[in-house]
Amino acid sequence: MLTRYKRSHEKIAMGLLSFMPRERDVKQLKKTMELYNERPDWQLFLWKAGDDYIGAIGIHIEDDENFTVQHISVIPSYRGEGIGHRMVERVEQLMNGRRLKPTEETKPFLMKCRV
């Protein structure tokens, strides 16, 4: 189930985002969390399975027509179960017809989602 990130889950979100190669550096990760905490056009969602948060997807809403998937990660022991695909599908539904764009970092995964 996809839920909107709340500041009370910041440590969980940071742990999930740290699986992204560019977010392994703590200083960079803190800057990223500032974006999600302070800017309404940067939105972070967490995927919950049972009582555990096991995935995260972060987007930047560029305008009325486009949004960019900035981050997507799933705990390694849950990978290969389609969770990432479901997160992308659910965010696309939430974006009401806006066109999804990848970053260089998220592009390889998002290309797999389109196959």
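Along each chain, numbering runs from 1 in the same order as the chain's sequence is written. Predicted model: local features are reported for residues with pLDDT of at least 70 only, side-chain atom pairs are reported and counted for 80 or more only, and whole-chain, interface and lining totals are derived from all residues. Working from all heavy atoms in the structure, the side-chain values ignore hydrogens and water.

Caption draft 1: Broad picture of the pattern of salt bridges. Salt bridges, as used here, are contacts in which a Lys or Arg side-chain nitrogen is within 4 Å of a carboxyl oxygen on Asp or Glu. Tallying each qualifying case throughout the model produces three salt bridges. When the shortest N-O distance is used, the salt bridge between lysine 101 and glutamate 62 registers 3.0 Å. Taken as a pair, lysine 101 in strand β5 (residues 99–102) and glutamate 62 in the loop between β3 (52–61) and β4 (66–74) lie far apart in primary sequence, 39 residues in all. Of the residues examined, glutamate 62 reaches a relative accessible area of 35% and is grouped as partly exposed. The way it works is that DSSP assigns letters per residue, a run of H or I at least four long becomes a helix, a run of E at least two long becomes a strand, and they are numbered from the N terminus. Here's how the labels work: a residue is buried when its accessible area is under 20% of the maximum for its type, exposed when over 50%, partly exposed in between, all with a 1.4 Å probe on protein chains only.

Caption draft 2: Expanded view of the packing of aromatic side chains. Pairing of aromatic rings covers Phe, Tyr and Trp, the last through its six-membered ring, and needs centres within 6.5 Å; plane angles under 30 degrees mean stacked, over 60 mean edge-to-face, and all others mean tilted. Tallying each qualifying case throughout the model produces one aromatic pair. Here the aromatic rings of tyrosine 36 and tryptophan 42 are separated by 5.6 Å at their centres, their planes lie at 70°, and the arrangement is edge-to-face. No difference in accessibility class separates tyrosine 36 from tryptophan 42, as the two residues are buried. Its end group placed over the ring of phenylalanine 19, arginine 79 keeps NZ or CZ at 5.5 Å from the ring centre. The rule for a charge over a ring is simple: NZ of Lys or CZ of Arg within 6 Å of the ring centre, and within 35 degrees of the ring normal.

Caption draft 3: Representation of the packing of helix α1 (residues 10–17) against helix α2 (residues 26–38). In this description, a line fitted to the C-alpha atoms serves as the axis of each element, helices being fitted only across the stretch in contact, and the angle between N-to-C directions of two axes falls anywhere from 0 to 180 degrees. Orientation of α1 relative to α2, taken along the N-to-C sense of each, is 125°, at an axis distance of 11 Å. Between α1 and α2, the crossing angle belongs to the class labelled oblique. Crossing of α1 over α2 shows right-handed handedness. Counted together, Glu10, Ala13, Met14 and Leu17 of α1 and Leu29, Lys30, Thr32, Met33, Tyr36 and Asn37 of α2 form the full contact between these two elements. Gly falls in the polar group here, along with every residue not listed as nonpolar (Ala, Val, Leu, Ile, Met, Phe, Trp, Tyr, Cys, Pro) or charged (Asp, Glu, Lys, Arg). Looking at the contact of α1 with α2 residue by residue, the class counts come to six nonpolar, two polar and two charged. If an angle is under 35 degrees, it is roughly parallel; if it is over 145, roughly antiparallel; if it lies from 65 to 115, roughly perpendicular; otherwise it is oblique. Crossing handedness is defined as follows: a turn of the near helix away from the far one that is anticlockwise and smaller than a right angle gives a left-handed crossing, while the clockwise case is right-handed. Whether two residues are in contact is decided by their heavy atoms, any of which lying within 4.5 Å being enough.

Caption draft 4: Quick look at the pairing of β4. Burial analysis of β4 places nine of its nine residues in the buried class, which makes it a mostly covered element. By this definition, two strands are paired if DSSP reports at least two bridges between them. Sheet analysis places β3 next to β4, joined by seven bridges and oriented antiparallel. Each bridged residue has a counterpart across the sheet, and for isoleucine 57 the counterpart in β4 is isoleucine 72. Hairpin connection of β3 to β4: four residues between the antiparallel strands. Across four bridges, β4 lies against β5 in parallel orientation. Note on β5: the bridge partner recorded for asparagine 66 is arginine 99. Handedness of a crossover: with both strands directed away from the viewer, a clockwise path from the first strand across the helix to the second marks it as right-handed. Chirality of the crossover, the property in question, places the unit of β4, helix α3 (residues 83–94) and β5 among those that are right-handed.

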